[in-house]
Each structure stands twice: as structure tokens, then as C-alpha cells.
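# Commentary on secondary and tertiary structure
Next come the chains, spelled out residue by residue.
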Amino acid sequence: AYQRFKEGRETWENLLNTCRDITRMTSVYERDIGIKTKQRIQRLLAAFPYLLHHHIQPRCLDHDQCEEIRDTPHALVLNEPRSIHRGQRKSKKTS
């Protein structure tokens, strides 16, 4: 039992370290990808371990806890509002 716990702990640490490494890499390539993209990647990477934990143990955050942190400065914003343009594809002109 301890061996499985140890393996799980090592896997979790590797996951966190990989997320941190990728976050640092976004700072290196900020000029190429832009600040908005960098911030979005960093927010998604920060949220990933929490979302994975919630996926593994679905009751780690209940609905009331989510509502409490929704509009606080510490809430993670995962999606920026974007307008959706449906059906407005540019058609190719044929001669």
C-alpha cells in the first residue's frame, strides 16, 4: 500500500513540476506568443492540477464552495469572453 502511495505522490510531484516548467517557458517566449496568450496558458496550467484533483475526487469542491470563490480576486478565470461568429466564413471566389 505504501508503494502505491509513494508512486502516486511522485507522479503528482512530476505533474506539478512540469506545469511549473511550462509556465516558465511561456515567459521565455512571451515576445513570440504575446502577453494575452502567455497569461491564458499560465492560468490554464495553474488550474490543471486542481481540475485533475476534482476529476479524480469529484467532491473536493462542492457547489457552495465554488460559489463562494467565484467573484473573489483569487478565483481563476479560465475563459475570456469572446464573441462567436457563426456562419460568417469567407467564401472562396472561383473565377
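Conventions adopted
- Residues numbered from 1 in each chain as written.
- Predicted model: local features only at pLDDT ≥ 70, side-chain atom pairs only at ≥ 80, totals over all residues.
- Heavy atoms only, no water.
- Helix = DSSP H or I, 4+ residues; strand = E, 2+ residues; numbered from the N terminus.
- Buried < 20%, exposed > 50% of the residue type's maximum accessible area, 1.4 Å probe, protein only.
- Contact = heavy atoms within 4.5 Å.
- Areas by Shrake-Rupley, 256 points an atom, 1.4 Å probe, with all protein chains shown as cover.
- Salt bridge = Lys/Arg side-chain N within 4 Å of Asp/Glu carboxyl O.
- Phe/Tyr/Trp six-rings, centres within 6.5 Å; stacked < 30°, edge-to-face > 60°.
- Patch = residues over 30% accessible without salt bridge, like charges linked within 9 Å, V, L, I, M, F, W, Y side chains within 5 Å.
- Axes fitted to C-alpha atoms, helices over the stretch in contact; angles between N-to-C directions.
- Parallel < 35°, antiparallel > 145°, perpendicular 65-115°, else oblique.
- Nonpolar A, V, L, I, M, F, W, Y, C, P; charged D, E, K, R; others polar.
- Expected span 1.5 Å × (residues − 1).
- Bend = angle between axes of the 7 residues up to and from the residue.

With that settled, consider the overall build of the protein. Secondary structure summary: the protein contains four helices and zero strands in total. Mapped in sequence order, the helices and strands of the protein form the string α-α-α-α. Counting only residues that meet the buried cut, the protein has 7% of its 95 residues in that class. Taking all contacts inside the protein whose residues are at least 6 apart in sequence as the whole, residues at least 24 apart take part in 58%. Carbon and sulfur atoms make up 54% of the accessible area of the protein, which totals about 9200 Å².

We now examine the pattern of salt bridges. Under the defined criterion, the tally for this structure stands at three salt bridges. A salt bridge links Asp21 to Arg24; the shortest N-O distance between them is 2.8 Å. Pair noted here: Asp21 and Arg24 are both in helix α1 (residues 2-28), with a separation of three residues, about one helical turn. Look at Asp21 and you get partly exposed, because its relative accessible area is 39%. Across the pair Lys38 and Glu30 runs a salt bridge whose closest N-O atoms are separated by 3.2 Å.

The next thing to look at is the packing of aromatic side chains. Following the criterion strictly, the structure yields one aromatic pair and no others. For the ring pair Tyr2 and Phe5, a centre distance of 6.1 Å and an interplane angle of 40 degrees mean the geometry is tilted. Of this pair, Tyr2 and Phe5 both sit in helix α1, three residues apart, which is roughly one turn of the helix. Each of the two residues, Tyr2 as well as Phe5, counts as exposed.

Let us look at a nonpolar patch on the surface. Nonpolar side chains collect at one region of the surface, where Met25, Val28, Tyr29 and Ile33 lie side by side and expose about 390 Å² of accessible area between them. Mapping Met25 onto the fold places it in helix α1.

Another aspect to go through is the packing of α1 against helix α3 (residues 35-56). Contact geometry for α1 and α3: axes closest at 9 Å, N-to-C directions at 170 degrees. Between α1 and α3, the crossing angle belongs to the class labelled roughly antiparallel. Facing Trp12, Leu15, Leu16, Cys19, Ile22, Thr23, Thr26 and Ser27 of α1, the residues of α3 in contact are Lys38, Ile41, Gln42, Leu45, Phe48, Pro49, Leu52 and His53. Taken together, the residues that form the contact of α1 with α3 break down as 10 nonpolar, five polar and one charged.

The terminal C-alpha atoms of α3, which comprises 22 residues, lie 32 Å apart, in line with the 32 Å expected from a rise of 1.5 Å per residue. Phe48 marks the point of greatest bend in α3, at about 35 degrees, and the proline Pro49 comes within the next four residues. Where α3 is concerned, the buried positions are Lys38, Leu45, Ala47 and Pro49.

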